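Working through the structure, step by step
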Amino acid sequence: MKRIVIATVQVPFVQGGAEYLADGLRDALREAGHVAEIVTVPFWFAAGRVSDAVRTWQGLDFTRFDGGAVDGVIALKFPAYHVRHPNKTTWLLHQHRAVYDLWNTEWGDSDADPAAVRLREALVASDRQALGEIAPRYAISRTVCDRLERCNGLAATPLYHPPPGHAAYAPDGPIFPYVFAPSRLEHVKRQDLLIRAMVHVDRPLAAVIGGTGGMAARYRELAEALGVEDRVRFVGHVSEAQKRRYYGNALAVFFAPYQEDLGYVTLEAMLSGRPVVTCHDSGGPTEFVRDGESGYVTDPEPEAIAERINALWRDRGRARDMGRAGWERYCSLDISWHNVVSTLTGALS
């Protein structure tokens, strides 16, 4: 039995995959007999606050709290891995994406901003030092591992985990004429690709887009401007049970964010026995979707996406076979909290 702190950051009032992961890890550690707590520090994305966040974590010592000594620390995302403790490992969710995979894109910082360039240089160097002191290193996906090696020269091992409520999903539901696309409605998630694709998708197929976020109003406006508002349904936040029903009855699932670290949507679709349509530059989903076997990996272009969706509708027997192949692939990957806990606790001396 170990007393373990899960170190991470959170943007207050924002709940997403990172928070679900931290909760799942804590619960799995406790189920395995360990004493586990999540310790977070608020995070601000404003450029002027990022360096302050690094210094804050560099000054924190998690060796002991008033409640007693800490046997080990599992650090999750930037900049929590800077925390001081003699026995720590990392299960890396991501670094500061604005200066890594989103650099020089419409979603991140760029070479045109001298201050951003200085920040990037500083973060790459400090990340290399902090993460270089941790061995072995783990990350939530091959995408995150590759980014760490490419940008910081450090190797890590991918360690997959199941999505929340994974045991409640079931494959082989009846196919209804819609494509399901659940995720936060943000620009980097690229739901606009599906909305634009609907111009070229055969009737009677519709798109069901689940989730809330900053792009909700603009996406509705886009659907109206393209004349597909009658075929794009925005269902907002849905319960877990309703979400499973949407998965279970969909023709396919669309999930094509830009360079996603992992993406629960892909795993949930596979557990539901539904093929996934994603894109070559989507990151994490491409680690699981085998093009033409368990879904499609295509170009981030509306016409190409529409072509794949139409193919699935015209041959629904093949669509079902592809969904079954995705389910079988998930089952073959040993994705379990038991594996995560035994691996991470084994990295703590």
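The structure displayed is predicted, hence computed values, not measured ones.

How each quantity is defined
- Residues numbered from 1 in each chain as written.
- Predicted model: local features only at pLDDT ≥ 70, side-chain atom pairs only at ≥ 80, totals over all residues.
- Heavy atoms only, no water.
- Phe/Tyr/Trp six-rings, centres within 6.5 Å; stacked < 30°, edge-to-face > 60°.
- Helix = DSSP H or I, 4+ residues; strand = E, 2+ residues; numbered from the N terminus.
- Buried < 20%, exposed > 50% of the residue type's maximum accessible area, 1.4 Å probe, protein only.
- Lys NZ or Arg CZ within 6 Å of the ring centre and 35° of its normal.
- Pairing = 2+ DSSP bridges.
- Contact = heavy atoms within 4.5 Å.
- Axes fitted to C-alpha atoms, helices over the stretch in contact; angles between N-to-C directions.

1. With respect to the packing of aromatic side chains
Taken as a whole and assessed by the stated rule, the structure comprises 12 aromatic pairs. Considering the side-chain rings of F43 and F78, the 6.1 Å spacing of their centres and the 85° angle between planes classify their relative orientation as edge-to-face. Taken together, the positions of F43 in the loop between β2 (35-42) and α2 (47-58) and F78 in the loop between β5 (72-75) and β6 (88-92) put the pair 35 residues apart, joining distant regions of the chain. Each member of the pair, F43 as well as F78, carries the same accessibility label: buried. Ring-pair connections join several aromatic residues into one group, and the members of that group are Y169, Y178, F180, Y246 and Y247. Sitting over the ring of W313, R316 keeps its end group 3.8 Å from the ring centre.

2. What about the sheet that holds strand β8 (residues 157-158)?
Pairing between the strands of a sheet comes from backbone hydrogen bonds, and it takes one of two forms, parallel or antiparallel. Strand order in the open sheet made by the six strands is β2-β1-β5-β6-β7-β8, with parallel pairing throughout. This sheet does not close on itself; its edge strands, each paired only once, are β2 and β8. Note that strand β1 (residues 3-10) and β2 share eight bridges and pair parallel. Its bridge partner being in β2, I4 is matched across the sheet by A36. Along the sheet face, helix α11 (residues 337-347) touches β1, β5, β6 and β7 (137-139) and points at about 145° away from the line of β6.

3. A word on the sheet that holds strand β13 (residues 276-279)
Reading across from one edge, β11-β10-β9-β12-β13-β14 is the order of the six strands in this open sheet, with parallel pairing throughout. Taken across any chain shown, the strands that pair with only one partner, and hence form the sheet edges, are β11 (232-236) and β14 (295-298). On average, each strand axis in the sheet is tilted by 25° relative to the strand beside it, whichever way the strands run. Relative to β14, β13 is paired through four bridges, and the arrangement is parallel. Considered in β14, the bridge of T278 is made with V297. Where helix α7 (residues 240-249) meets the sheet, it contacts β9 (178-182), β10 (206-210), β11 and β12 (252-254), and its direction lies at approximately 140° from that of β9.

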